[in-house]
Amino acid sequence: MIGDITAMVNSWIENFGLLSESWRVGIVVFALVFGTAAVAYLASHVIGALERKFAKTNNLWDDTLLHAARKPVVAFVWLQGVYWAAEVAHRYSEAEIFKANGTVLQVGFIFILVWTVLRLIKEGENILISPMKMQKPMDYTTVNAVSKLSRAVVMITAVLIAMQSLGYSISGVLAFGGVGGIAVGFAAKDLLANFFGGFIIHLDRPFKVGDWVRSPDRNIEGTVEHIGWRLTTIRTFDKRPLYVPNATFTTIAVENPSRMTNRRIYETIGIRYVDVGQMASIVADIKSMLQGHDDIDSDQTLIVNFMAFNSSSLDIMVYTFTKTTEWVRFHEVKQDVLLKISDIIEGYGAEVAFPTRTLHLPNGVRLAGEDRDDGGSQAADTESRGSAPRGQQAGNSRGDIENSGDSE
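Residues numbered from 1 in each chain as written. Predicted model: local features only at pLDDT ≥ 70, side-chain atom pairs only at ≥ 80, totals over all residues. Heavy atoms only, no water.

Where we set the bar: UniProt positions are given in the numbering used here, feature names are shortened, and annotations may be inferred rather than shown by experiment.
As annotated in an unreviewed UniProt entry, the chain is MscS family membrane protein from Marinobacter gudaonensis. For the chain, the Sequence similarities (unreviewed entry) comment in UniProt is given as "Belongs to the MscS (TC 1.A.23) family." Of the comments in the UniProt record for the chain, the one headed Subcellular location (unreviewed entry) reads "Cell membrane".

Quick word on the overall build of the chain
Defined as follows: Helix and strand labels come from DSSP, where a helix needs a run of H or I of at least four residues and a strand needs a run of E of at least two; each type is numbered from the N terminus. For every residue, the accessible area obtained with a 1.4 Å probe (protein chains only) is divided by the maximum for its type, and the residue is called buried under 20%, exposed over 50%, and partly exposed between those limits. Residue contacts are defined here by distance: any two heavy atoms, one from each residue, within 4.5 Å place the two residues in contact.
Helix and strand content of the chain: 11 helices and 7 strands. Expressed as a percentage of the 408 residues in the chain, the buried residues total 29%. For the chain, the proportion of contacts with a sequence separation of at least 24, taken over those separated by at least 6, is 62%.

Side note on the pattern of salt bridges
For clarity, the cut-off: For this analysis, a salt bridge means a side-chain nitrogen from Lys or Arg found within 4 Å of a carboxyl oxygen belonging to Asp or Glu.
With the rule as written, the count across this model stands at 13 salt bridges. The partner of Asp295 in a salt bridge is Arg329, with the nearest N and O atoms 2.9 Å apart. With Asp295 in the loop between helix H8 (279-291) and strand E6 (303-309) and Arg329 in helix H9 (residues 327-347), this pair connects stretches of sequence that are 34 residues apart. Salt bridges linked by common partners bring Lys208, Asp211 and Arg259 together as one network.

Notes on the sheet that holds E6
Note the threshold: By this definition, two strands are paired if DSSP reports at least two bridges between them. Axes here refer to lines fitted to C-alpha atoms; in helices the fit is confined to the stretch in contact. Angles between the N-to-C directions go from 0 to 180 degrees.
In space, the 3 strands of this open sheet follow the order E5-E7-E6, with antiparallel pairing throughout. Pairing within the sheet leaves two strands with one partner each, and these edge strands are strand E5 (263-271) and E6. The average undirected angle you get between the axes of adjacent strands in this sheet is 20 degrees. Relative to strand E7 (residues 314-322), E6 is paired through 6 bridges, and the arrangement is antiparallel. Looking at E7, one finds that Ile303 is bridged to Tyr319. Those strands touched by H9 are E5 and E7, and its axis lies near 25 degrees from that of E5.

Things to note about the sheet that holds strand E2 (residues 220-227)
Sheet architecture is open: 4 strands sit in the order E1-E2-E3-E4, paired in antiparallel fashion. Two strands bound the open sheet, and with one partner strand each, they are strand E1 (212-215) and strand E4 (241-245). On average, each strand axis in the sheet is inclined to that of its neighbour by 45 degrees, with strand direction left out of account. Bridge analysis of E2 against strand E3 (residues 231-235) gives 4 bridges, and the strand direction is antiparallel. Paired with Thr223 across the strands is Arg235, a residue of E3.

Examining the nonpolar core
For the record, the criterion: In these notes, a set of buried Ala, Val, Leu, Ile, Met, Phe, Trp, Tyr and Cys residues joined through side-chain atoms within 4.5 Å is what counts as a nonpolar core.
Judged by nonpolar contacts, the single largest core of 22 residues is most densely connected at Ile282, Ile286, Leu290, Val337 and Ile341. Taken together, the elements giving at least two residues each to this core come down to E5, H8, E7 and H9. Setting aside anything within four residues of it in sequence, one finds Leu290 in contact with Ile296, Leu302, Val304, Val318, Thr320 and Val337. In this structure, Ile201, Val213, Ile234 and Val244 belong to the second largest nonpolar core, which totals 10 residues.

A look at the side chain of Thr324
Spelled out, the test is: Identification of polar contacts relies on pairs of N or O atoms within 3.5 Å, with a donor-acceptor requirement for protein atoms, meaning one able to donate a hydrogen and the other able to accept it, and with residues adjacent in sequence counted only if both atoms are side-chain atoms.
Relative to the helices and strands, Thr324 is located in the loop between E7 and H9. When its relative accessible area of 19% is taken as the criterion, Thr324 is described as buried. A polar contact of 3.1 Å, which involves the side chain of Thr324, links it to the backbone nitrogen of Glu326. When residues no more than four places from it in sequence are discounted, the contact partners of Thr324 are Asn262, Arg263, Arg329, Phe330 and Val333.

Quick look at the packing of H8 against H9
Selection rule: For any pair of crossing helices, the crossing counts as left-handed if the nearer helix is rotated counterclockwise from the farther one by less than a right angle, and right-handed if it is rotated clockwise. In this count, Pro and Cys sit with the nonpolar residues alongside Ala, Val, Leu, Ile, Met, Phe, Trp and Tyr, while Asp, Glu, Lys and Arg are called charged and the others, Gly among them, polar.
Their axes nearest at 10 Å, the elements H8 and H9 cross at an angle of 150 degrees. Two packed elements cross with a definite hand, and for H8 against H9 that hand is right-handed. Contact residues: Ile282, Asp285, Ile286, Met289 and Leu290 in H8; Val337, Lys340, Ile341, Ile344 and Ile345 in H9. For the contact of H8 with H9, the class distribution of residues is 8 nonpolar, no polar and 2 charged.

A look at a nonpolar patch on the surface
Here is the rule we go by: Exposure above 30% relative accessible area and the lack of any salt bridge qualify a residue for a patch; like charges then connect within 9 Å, and the nonpolar side chains Val, Leu, Ile, Met, Phe, Trp and Tyr within 5 Å. With residues, only the protein chains shown are counted as cover, and all accessible areas are computed by Shrake-Rupley using a 1.4 Å probe.
Together, Leu149, Val153, Leu192, Phe195, Phe196, Phe199, Ile200 and Leu203 make up a nonpolar patch on the protein surface, roughly 700 Å² of accessible area in all. Looking at the nonpolar patch, the elements with two or more residues in it are helix H5 (140-165) and helix H7 (189-204). With 6 residues, the single largest contributor to the nonpolar patch is H7. Within the secondary structure, Leu149 sits in helix H5.

Section: the packing of aromatic side chains
Using the following cut-off: We call Phe, Tyr and Trp rings a pair once their centres come within 6.5 Å, taking the six-membered ring for Trp, and we label the pair stacked below 30 degrees between planes, edge-to-face above 60, and tilted otherwise. Put simply, a charge is over a ring when the Lys NZ or the Arg CZ is close to the ring centre, within 6 Å, and near the line of the ring normal, within 35 degrees.
Evaluated as defined, the whole model comprises 10 aromatic pairs. Arg263 extends its terminal NZ or CZ atom over the ring of Phe330, reaching a point 5.9 Å from the ring centre.

Here we look at the environment of Tyr243
Assignment of secondary structure puts Tyr243 in strand E4. Spatially, the C-alpha atoms of Tyr243 and Thr233 are 4.7 Å apart, while their sequence positions differ by 10 residues. What Tyr243 contacts, discounting residues up to four positions off in sequence, is Leu231, Thr232 and Thr233.

Here's what the structure looks like:
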């Protein structure tokens, strides 16, 4: 059919005698380009109308297919129209550029096909992770990994087919790639290590985007924002981005607090030694309070016991788990539990102990302060006896001096 159309166009150009051949060729080329634009416009609007119609149905994949194919279809129409116009021009022109029409058509068709598949993969990814479109949306990290792998496979396949279309031998390319891959492997071993590290993360899934992770081996803690093929982006709690090479996660231990089932309250509370008589009642009331607390998970381990005689206190161990795993809510529950424990202790007239030290002295030992107090008392007693004895003593002293002078 295409050959018949081409023959008819050529016949019209050769036999139509009103204009020169160059004008007739120009008119045909313009008509082909104009017709291509009209067909592309109609194709775009037809697919848009189908999208709006199928959007009313419950099937999401027909909408996805139409939306992914809309722009590639328009591009395909333009590719075909420009190819026909170039073929007409090539027949009546000796320009070297028109000799590449067939190759451009093949490469362009491969490009459009790859573009369509990549758009379809992207649209499918958006559907699978969307809670608005799926009753049970899939994990973003897994879907993103499969999407990246699929796009890589499509692009590599497209490159190989395009090279074959351009006249290159795929077997030679693969052989060169095998030899060159060894050199590239040695030169980019860190890059490959990060690539396979990212692949292992996607397979093992120790964490996903949105998880709070930390490592006891490295200074790494924050929320995972993105898992790439080379780097994982973690947003620290001071809002700074931290870029960690994926190979790091294959050699360190990683904690994932986001997957904890409960949060733990582990406190040691001390009361005074004078309150030892109320110890059993205080422990029993604290345990009863925790067992009846709405935010404490009584199905988990719950321990409240007198634990030790400490240097300044009698220690009570409180070990329990909250139902919530949310960080802010956990501290609210912990505050409520500690305040209720304080009320229980005060209810028995007891007090929370603080570090004190008692010094026992044997009988007959006096402190330096006590000696000063006695001296002050004696001075006071002397003064209470009046100034006369003091003056008399002074006079007696002078008289003694005088008497000693007379004797001399």
